[in-house]
Amino acid sequence: MDQLALDVAHLFAGGLVLVSFMLLYQDRMTGLVNVFALHALVVSSSVAWQANIQQAPHLYITAAIALAVKAFVIPMALHRIIVRLGIHREIDPVVGIGQTMLAGIGLVALSIMVMLPITAQAGTLAREDLAFALSVVLLGLLMMISRRNAVSQVIGFMSIENGLILAATGAKGMPLVVEISVAFSILVALIVIGVFLFRIRERFDSVDIHTLHEHRGEQP
Amino acid sequence: MAIVLDLLVQFGQMFLVLALAPLLTGFVRKVKAHLLRRQGPPLVQPYRDLLRLLRKEVVLAHTASWVFRAAPYLIFATTWVAAALVPTFATGLIFSYAADMIAIVALLGSARFMLALAGLDIGTSFGGIGSSREMMIASLAEPAMLMVTFTLSLLAGSTQLSSIAAFMQGSAVGLRVSLALALVGLVMVAIAENARIPVDNPATHLELTMVHEAMILEYSGRHLAVIEAAAFLKLLLYVSIIACVFFPWGIAVSGQGLAAYLGGVGVYVLKLAVGGFLLAVFETAIAKMRVFRVPDFLGAALMLGFLAALLLFVTKAG
């Protein structure tokens, strides 16, 4: 594999980590959904490039599914949900954006420190992909615990799935059946979560999951 | 004989930056005025301002101590020395081996320290506000700048600006996401350090927004002229650092002779013009942010620096 091909793969994978940080940085709902679409676009470009350099044509299908579902269908659905719920300006971070970003830097450092020693035998590409994929997954989890709004948590969840796709691609691809079923389960999850969001709003007049804690009788 | 020639070229560079600095600021102001469909002051206006200020008498407050009087000259001297270390039209000049990029950050940091002291010295509330805000900005901008430096040195194997520029000109660089992150981080730091628009507005004296102008409010006459010249130099210095690290094409190498130097000067002036134009367009397109948003802005720059270094670390290990 020549150096340029590796550099481009590195560019896309590193770009995905960067876009994960952009997700954490957003303070408007509309911007958040748009950056999530960018996240999906970067992951699908990354998968398509690796399909090219690994000579694994089935990865093109993975890239196409990621592009169609996560860069177009899900963001449009989320935009509609946001408009109908009337929450396009609310983000409600639990702690400040600055602290969240610092925590994110710590998580990226952690995942690189963990992944590089344990993948010492693997190829360069797989090592980079695994390290970056773990960072993206951890950043998605961070997003889910640092936001109160249910829609931002959905986006955090979907960005975790993007990280998993990157990991699976680096590990010499995953079976197409798995990828298709994952894509459909994500779509089903979106529908379920969408219904769930409207149910929460109906019940509590808000999509702040804080109200759920009170409902369960927990002290905030 | 050779060392005399080297010194001559070095001094030529020092006086070139000093001569070009007000012109760059004038150019940025002119482009901004044109973008707003105004005539704008002539390009040489900053020189005229400096000359007029030098001729005016100094009005000192009764409470001013020696710190207040000494600060302008120290600020100017440290900024000028820092500017002498940056390769502008040629790399490998004789002074550039004396200090690296970390030393440049330290020199600018001491200039900022003295400026903040001068702001506090008179005892007015404005100066105090300006100094405290400047320190808040610096506490994030300096680590961000250092992270960018570390990224570049990881890549080039040196913190020397001349060696980094030489490495960037070579073909070993490749396509790196870290470099793009470092460039964006450095541009954000440069905007904050030079008190340009999203962070501070260089054209107003509105007390809610000003940082740099608040600290120098009590200065007049030749002190003010020297501080203004230092501010012009600082803008030129940051544009030069960005140009020589990320766009090192057309830069001459020391010892190539007069023709190469002249070509280097021409390319350098062109780069400054492009940088100034982009800065003016950016400043016109964007709105001033609240002071309490500035830590988020600079935190993003710091994060970009960290991320660039971490990504590079993965590549090195891989």
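Read on for a plain summary of the structure.

Calculation rules
Position numbers for residues start from 1 in each chain and track the written sequence from start to end. By the order in which they are written, chains take letters starting at A while ligands take numbers starting at 1. Note on the predicted model: pLDDT of at least 70 is required for a residue's local features to be given, and 80 or more for side-chain atom pairs to be given and counted; whole-chain, interface and lining totals, by contrast, use all residues. Here a strand is any run of E in DSSP of at least two residues, a helix any run of H or I of at least four, and the numbering for each starts at the N terminus. Here the globule rule reads 2.2 Å times residues to the power 0.38, and the radius of gyration is calculated from C-alpha atoms. As a rule, residues whose C-beta atom has 12 or fewer other C-beta atoms within 10 Å are exposed, those with 20 or more are buried, and those in between are partly exposed; C-beta atoms are placed from the backbone. Working definition of a contact: two residues with C-beta atoms, positioned from the backbone, lying within 7 Å. Asp, Glu, Lys and Arg are counted as charged, while Ala, Val, Leu, Ile, Met, Phe, Trp, Tyr, Cys and Pro are counted as nonpolar; the rest, among them Gly, fall into the polar class. In this analysis, axes come from line fits to C-alpha atoms, helices being fitted only over the stretch in contact, and the angle between any two N-to-C directions falls in the range 0 to 180 degrees. Oblique is the label for every angle not falling under 35 degrees (roughly parallel), over 145 degrees (roughly antiparallel), or within 65 to 115 degrees (roughly perpendicular). With the far helix as reference, a near helix turned anticlockwise by less than a right angle produces a left-handed crossing, and one turned clockwise produces a right-handed crossing.

This next bit is on the overall build of chain A. In terms of helices and strands, chain A carries eight helices and zero strands. When its helices and strands are written in sequence order, chain A yields α-α-α-α-α-α-α-α. What you see for chain A is a C-alpha radius of gyration of 18 Å, in line with the 17 Å of a compact globule of 220 residues. When its C-alpha atoms are laid out on the principal axes, chain A stretches across 55 × 30 × 25 Å. Evaluated residue by residue, chain A yields a buried proportion of 40% over its 220 residues.

The interface of chain B with chain A comprises 19 residues on the first partner and 24 residues on the second. Every element with two or more residues in the side of chain B that touches chain A is listed here: α7 (177-193) and α11 (294-317) of chain B. No other element matches the 13 residues that α11(B) contributes to the side of chain B that touches chain A. Within the side of chain B that touches chain A, the residues separate by chemical class into 13 nonpolar, four polar and two charged.

This part is about the environment of Gly15(A). Examined against the element boundaries, Gly15(A) turns out to sit in helix α1 (residues 3-25). Taking the C-alpha atoms as reference points, Gly15(A) and Gly86(A), 71 residues apart in sequence, are found 31 Å from one another. If we skip the residues at most four places from it in the chain, Gly15(A) touches Val42(A) and Val177(B).

This part is about the packing of helix α9 (residues 221-246) of chain B against helix α10 (residues 258-285) of chain B. Residues and elements named next belong to chain B. Running from N to C, α9 and α10 cross one another at 115°; their axes reach a closest spacing of 10 Å. Looking at the two axes, α9 sits roughly perpendicular to α10. Along this stretch, α9 crosses α10, giving a crossing that reads as right-handed. Residues Val239, Ile242 and Ala243 of α9 pack against Lys271, Leu272 and Gly275 of α10. Here the residues of the contact of α9 with α10 sort into four nonpolar, one polar and one charged.

Attention now goes to the packing of helix α3 (residues 66-85) of chain B against helix α4 (residues 101-121) of chain B. Residue and element names in this part refer to chain B. Put simply, α3 and α4 touch, their axes get as near as 9 Å, and they point 165° apart. Overall, the two elements α3 and α4 adopt an arrangement that is roughly antiparallel. Here the hand of the crossing between α3 and α4 comes out left-handed. On the side of α3, the interface is formed by Val67, Phe68, Ala71, Leu74, Ile75, Thr78, Thr79, Val81, Ala82 and Leu85, while α4 contributes Ala103, Ile104, Leu107, Leu108, Ser110, Ala111, Met114, Leu115, Leu117, Ala118 and Asp121.

Let's shift gears to the environment of Met115(A). Residues and elements named next belong to chain A. Note on placement: Met115 falls in helix α4 (residues 97-118). Taking the C-alpha atoms as reference points, Met115 and Arg127, twelve residues apart in sequence, are found 7.3 Å from one another. Excluding its chain neighbours within four sequence positions, the residues that come into contact with Met115 are Arg127, Leu130, Ala131 and Leu134.

Residue and element names in this part refer to chain B. Even without being a glycine, Arg37 presents a positive backbone phi close to 60°. Tracing the chain through its elements places Arg37 in the loop between α1 (2-35) and α2 (45-55). With phi around 55°, Ala195 is a residue other than glycine that occupies positive phi space. Structurally, the position occupied by Ala195 is in the loop between α7 and α8 (212-215).

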